[in-house]
Amino acid sequence: MNRKSFDFDPVSLALYIILAVGGWMTVYAVTSVSAGDYTNWLSMPHWRQLIWLGISLVAGAIVLLLDYRFIEALGYLFYILAIGLLILTVFIGREINGAKAWIVLGGQQFQPSEFAKLATAMALAQYMSRQGFSMNDNRQLFTAISFVLLPALIVILQNDTGSALVFGSFLIVFYREGLTPLIPLGLLISVAVVILSLWINNGLITGGIMLGIGLISFIIFFNRRYWIRIATIHLVICGMFVALASGTTFIVSKLQPHQQIRIKVLLDPTLDPQGAGYNVIQSKIAIGSGGSTGKGFLNGNYTKYKFVPKQETDFIYCTVGEEYGWIGSSTVLLLFLGLIWRIQYMAESAKTRYARIYGYSVASILFFHVMVNVGMTIGLVPVIGIPLPFFSYGGSSLLSFTVLIFVLINLYSYRVSVLGMKR
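Residues numbered from 1 in each chain as written. Predicted model: local features only at pLDDT ≥ 70, side-chain atom pairs only at ≥ 80, totals over all residues. Heavy atoms only, no water.

(A) Highlighting the overall build of the protein. Looking only at helices and strands, the protein has 18 helices and 3 strands in total. Out of the 423 residues belonging to the protein, those deemed buried represent 47%. On the protein, roughly 20,700 Å² of surface is accessible, and the fraction owed to carbon and sulfur atoms is 68%. (Helix = DSSP H or I, 4+ residues; strand = E, 2+ residues; numbered from the N terminus. Buried < 20%, exposed > 50% of the residue type's maximum accessible area, 1.4 Å probe, protein only. Areas by Shrake-Rupley, 256 points an atom, 1.4 Å probe, with all protein chains shown as cover.)

(B) A look at the pattern of salt bridges. Under the counting rule described, the total for this entry stands at 7 salt bridges. Among the salt bridges present, the one from D67 reaches R69, with a minimum N-O distance of 3.1 Å. The exposure class assigned to R69 is partly exposed, which follows from its relative accessible area of 42%. Between K117 and E114 there is a salt bridge whose closest N-O contact spans 3.2 Å. Taken as a pair, K117 and E114 lie in helix α5 (residues 112–128) at a separation of 3 residues, close to a single helical turn. Taken individually, K117 and E114 each receive the classification buried, so the pair is uniform in this respect. (Salt bridge = Lys/Arg side-chain N within 4 Å of Asp/Glu carboxyl O.)

(C) How the structure looks around the pairing of strand β2 (residues 99–105). Direction of pairing for strand β1 (residues 94–96) relative to β2: antiparallel, over a ladder of 3 bridges. The partner of E95 across the bridge, within β2, is K100. Hairpin connection of β1 to β2: 2 residues between the antiparallel strands, including N97 at a positive phi of 55 degrees. Relative to strand β3 (residues 108–110), β2 runs antiparallel, the two being bridged by 3 bridges. If you follow V104 over to β3, its bridge partner there is Q109. (Pairing = 2+ DSSP bridges.)

(D) Structural context of helix α9 (residues 182–200). In this model α9 runs 26 Å from its N-terminal to its C-terminal C-alpha over 19 residues, within 8% of the 27 Å that 1.5 Å per residue would give. The set of residues buried in α9 consists of P184, V193, L196 and S197. (Expected span 1.5 Å × (residues − 1).)

(E) Representation of the packing of aromatic side chains within the structure. Evaluated as defined, the whole model comprises 18 aromatic pairs. With a centroid separation of 5.5 Å and an interplanar angle of 35 degrees, the aromatic rings of W24 and Y28 are classed as tilted. Taken together, the residues W24 and Y28, both in helix α1 (residues 10–31) and 4 residues apart, mark about one turn of the helix. Classification of Y28 by relative accessible area gives partly exposed; the value is 25%. Taking 6.4 Å as the distance between ring centres and 25 degrees as the angle between the ring planes, the aromatic pair formed by Y28 and F297 counts as stacked. Within this pair, whereas Y28 is found in helix α1, its partner F297 is found in the loop between α13 (278–289) and α14 (301–304), the two being separated by 269 residues in sequence. Members of the aromatic cluster, connected to one another through ring pairs, are Y16, F336, F390, F391, F401 and F406. (Phe/Tyr/Trp six-rings, centres within 6.5 Å; stacked < 30°, edge-to-face > 60°.)

(F) Layout of the packing of α1 against helix α15 (residues 317–349). In contact at an axis separation of 10 Å, α1 and α15 are set at 150 degrees when each is read in the N-to-C sense. Judged by the inter-axis angle, α1 sits roughly antiparallel to α15. Crossing of α1 over α15 shows left-handed handedness. Residue-level inspection shows V11, S12, L15, I18, L19, M25, T26, A29 and V30 of α1 in contact with α15, the latter providing T319, V320, E323, Y324, V332, L335, F336, G338, L339, R342 and M346. Its residues assigned to classes, the contact of α1 with α15 comprises 14 nonpolar, 4 polar and 2 charged. (Axes fitted to C-alpha atoms, helices over the stretch in contact; angles between N-to-C directions. Parallel < 35°, antiparallel > 145°, perpendicular 65-115°, else oblique. Left-handed = near helix turned anticlockwise from the far one by under 90°. Contact = heavy atoms within 4.5 Å. Nonpolar A, V, L, I, M, F, W, Y, C, P; charged D, E, K, R; others polar.)

(G) Quick look at the sheet that holds β3. Taken together, the 3 strands give an open sheet; going across it, the order is β1-β2-β3, and neighbouring strands pair in antiparallel fashion. Of all the strands in the sheet, just β1 and β3 have a single pairing partner and so form its edges. Averaged over all pairs of adjacent strands, the angle between strand axes in this sheet comes to 45 degrees, irrespective of strand direction. Set on the sheet, helix α4 (residues 75–92) makes contact with β1, β2 and β3; between it and β2 the angle comes to about 100 degrees.

(H) Spatial organisation of unusual backbone geometry. Phi at N159 takes a positive value of approximately 65 degrees, unusual for a residue other than glycine. With respect to the secondary-structure elements, N159 resides in the loop between α6 (138–157) and α7 (161–166). One non-glycine residue, F390, lies in positive phi territory at about 70 degrees. Assignment of secondary structure puts F390 in the loop between α16 (353–377) and α17 (395–413). On the accessibility criterion, F390 (2% relative accessible area) is buried.

In short, the description is geometric, and any link to function would need to be established separately.
Written as structure tokens, this is what we have:
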């Protein structure tokens, strides 16, 4: 099946280029100040990142040349290879910052979990787009969920909880394809209950709040004819949430003191300003010091003198805030939101179910990464250690996000030939 030559979406390509170049410039700002610590230019992080950017662009160009049917047929194969690499990493992987999530080949290290996201998106789209698939079929739904849970569980075995949580973003895909909203709503409420339990640190008070909310809900949905059924449902649900709140408080109380403080710092970094809360506090100071317009490229003192640990990876957004201020950091967020919106548009405008499911997978992964990474640098989200797409230093992340997006651009480019009309 043919398509018009170079019929690729210019908006998504332009947004990708802007973000990728801006990301490299930010890595350069963080790492170039310590260039004297390295023996040759190839050992300098910013030049290695530039090489990875070149590799990513070449990989993206190759993806654009492929036939969309060939890409759609690769999902299961890529998934099996990704699972194999994840399992291999558990046994022979290199441990960095407590996570055994990297494989070293030829002196270069890469993170298989980054490519597992791509493989999961492709395999899930291949399975859910097959004829006869229905979200109402429990067996098929369980199989689809298993595609997501398997890599997530293996990544947890690598002690890389942050990367494992990213697979939870596929819940958006299931919801788009017809999953009842009660399931994601229940999960969100469960997360809120756990956070509330940690914040209050009293199971009885948290349980009382849950019962109070349940009583209000019962009054709102009260129906004289079915009040017994409604009351039973509310009691069961409230009982589950009360048990969750009490269980969370009990488990935390049995942990060692240093483990308890790490959990509490997730909600209040000032409890341990020189320890577990140090990174977030310094990151917020760096961002705040940028003011409205920032200090200018290469003029960030916090960036130059490494006041923020892991600034070229997990906390690179604070460099954007310090050097470009509120205007620059807001612009970066708008560019990300623009790219996510464009991906969602391409997914909805695609002429195949595979492209729609895959597109929503890409949008969900990208949204989760941006939301969590930016949120943790400004203290709104617990620090779980996931990169900011295109900005954080790391070849695996840059290459995987590039291929993720370029696969969708390729699928979208066939929208004319698939249906015979252009939107």
